[in-house]
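# Breakdown of the fold
The residues making up each chain are set out below.
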Amino acid sequence: MKTVNFPPDRALPALGQGTWAMGEDPTRKQHEVRALQMGLDLGMSLIDTAEMYGEGGAELVVGEAIAGRRSEVYLVTKVYPHNANLEGTQAACERSLKRLKVDCIDLYLLHWPGCFALDETFDAFEALKKAGKIKEYGVSNFDLEGMQDAADCGAVATDQVLYNLMKRGIEFDLLPWCRQQGMPVMAYSPLESTGREQAALLGNPGLRAVAEAHGVTPAQIALAWVLHQEGVIAIPKAVDPVHLRANRAAADIRLSAEDLAALDRAFPPPRRRRALDMR
């Protein structure tokens, strides 16, 4: 599988696993646990979660899924902005560690910009790093100006943002800036999230034509396109074993220049600056 260089000196798989909406229904917990374990078996060793997902429920699912396999996993979780002051961040991290049943989080993110000064949040991150509770830290849902401010405040490892064929706004300014900094981007909802938007994406005639030419599904081409982007890690959520295998197979699809041109015609890249897309 393609890898992405991740600071300070790690190569991570370009395809990981998301957990948004996991941990909300106790009757589905074991199904979700098995899905994450299957993803690990398939080489998708980066798992992304957050204290927000299921109000800690997704972290409980992840904790069970990675039990006995911690060394295989690059673990990412996030702190709520309303918890992101000096004391609140450290307390939230301790709660996440307990739910995840681990001693250290590989990457800890501020989930979106909030009311607390970044200096204070990053001071908390640095304290957690010094204490061995986290290894690296970063942000999520930050636009270019937000990232420039963040970079002035601390050693930001990544920005996790909404990015897919239908939501390409970051290509105008944010993605080039991150590449200039040598900073990878994590793409959530690479196949869209809502039924209506996902149907619009996967039903696009241009996308379907490329998929037919490769003998794969439109979703696989849409995911392969995100994985093709330099310095981008995609974190789709999948619980169905068929979808998990299809996502993994998408990582092996190689798009030609003609394929990429066809997808640009179907989903034109931005010609001007846009507000950051968020879910």
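As a reminder, the structure under discussion sits directly above these lines.
Quick notes on the rules
Residues numbered from 1 in each chain as written. Predicted model: local features only at pLDDT ≥ 70, side-chain atom pairs only at ≥ 80, totals over all residues. Heavy atoms only, no water. Helix = DSSP H or I, 4+ residues; strand = E, 2+ residues; numbered from the N terminus. Rg over C-alpha atoms; globule rule 2.2 N^0.38 Å. Buried < 20%, exposed > 50% of the residue type's maximum accessible area, 1.4 Å probe, protein only. Areas by Shrake-Rupley, 256 points an atom, 1.4 Å probe, with all protein chains shown as cover. Lys, Arg positive; Asp, Glu negative; His and termini not counted. Charge placed at Lys NZ, Arg CZ, Asp CG, Glu CD. Axes fitted to C-alpha atoms, helices over the stretch in contact; angles between N-to-C directions. Parallel < 35°, antiparallel > 145°, perpendicular 65-115°, else oblique. Contact = heavy atoms within 4.5 Å. Nonpolar A, V, L, I, M, F, W, Y, C, P; charged D, E, K, R; others polar. Core = buried A, V, L, I, M, F, W, Y, C linked by side-chain atoms within 4.5 Å. 1 Å grid on protein atoms, 1.4 Å probe; cavity = no way out; pocket = protein on both sides within 12 Å on 5 of 7 lines; lining within 4 Å. Points joined across faces, edges and corners; volume = space filled by probe spheres on them. Expected span 1.5 Å × (residues − 1). Arc of directions from axis to C-beta. Phe/Tyr/Trp six-rings, centres within 6.5 Å; stacked < 30°, edge-to-face > 60°.

### A few points about the overall build of the protein
Scanning the protein from N- to C-terminus turns up 11 helices and 9 strands. Taking 279 residues into account, the globule formula puts the C-alpha radius of gyration at 19 Å, and the protein, at 18 Å, falls close to it. Looking at the 279 residues of the protein, the share that counts as buried comes to 53%. Carbon and sulfur atoms form 50% of the exposed surface of the protein, whose accessible area is close to 12100 Å². Averaging the positions of the 31 positive and the 37 negative side-chain charges in the protein gives two centres separated by 5 Å.

### A short note on the packing of helix 8 (residues 205-214) against helix 11 (residues 257-266)
Two elements in contact, helix 8 and helix 11, have axes whose closest approach is 8 Å; the angle formed by their N-to-C orientations is 160 degrees. What the angle tells us is that helix 8 and helix 11 run roughly antiparallel. Of the residues in helix 11, those in contact with Gly206, Leu207, Val210 and His214 of helix 8 are Asp259, Ala262, Leu263 and Ala266. Residue classes in the contact of helix 8 with helix 11 are distributed as 5 nonpolar, 2 polar and 1 charged.

### Some thoughts on the nonpolar core
Ranked by size, the top nonpolar core spans 91 residues in total, and within it Tyr108 and Phe125 carry the most contacts. Counting residues per element, this core draws most heavily on helix 9 (residues 218-228), at 7 residues. Leave out the neighbours within four places in its chain, and phenylalanine 125 touches Val79, Thr89, Tyr108, Leu109, Leu110, Ile134, Tyr137 and Gly138.

### A few points about empty space enclosed by the protein
What the rule picks out here adds up to 1 cavity of 30 Å³ or more. Approximately 30 Å³ is the volume attributed to the largest cavity. Surrounding the largest cavity, Pro81, Ala84, Leu110, Gly114, Cys115, Phe116 and Thr121 form its lining. By residue class, the composition of the lining of the largest cavity is 5 nonpolar, 2 polar and no charged.

### A word on helix 4 (residues 118-130)
With 13 residues, helix 4 extends 18 Å between its outermost C-alpha atoms, agreeing within 8% with the 18 Å of an ideal straight helix rising 1.5 Å per residue. Looking only at helix 4, the buried set comprises Leu118, Thr121, Phe122, Ala124, Phe125 and Leu128. Looking straight down helix 4, one finds its buried side chains confined to an arc of 150 degrees; they lie on one side. Each element contacted by the buried residues of helix 4 is listed here: strand 4 (74-79), helix 3 (86-100), strand 5 (105-110), strand 6 (134-140), helix 5 (144-153) and strand 7 (156-162).

### Here we look at the packing of aromatic side chains
Under the definition given, this model contains 7 aromatic pairs. Note on phenylalanine 6 and tyrosine 74: the rings are 5.7 Å apart at their centroids and 65 degrees apart in plane angle, and the pair reads as edge-to-face. Placement of the pair is phenylalanine 6 in strand 1 (residues 3-6) and tyrosine 74 in strand 4, with a sequence separation of 68 residues. Seen in terms of ring centroids, phenylalanine 122 and phenylalanine 125 are 5.8 Å apart; in terms of plane orientation they differ by 25 degrees. Their pairing is stacked.

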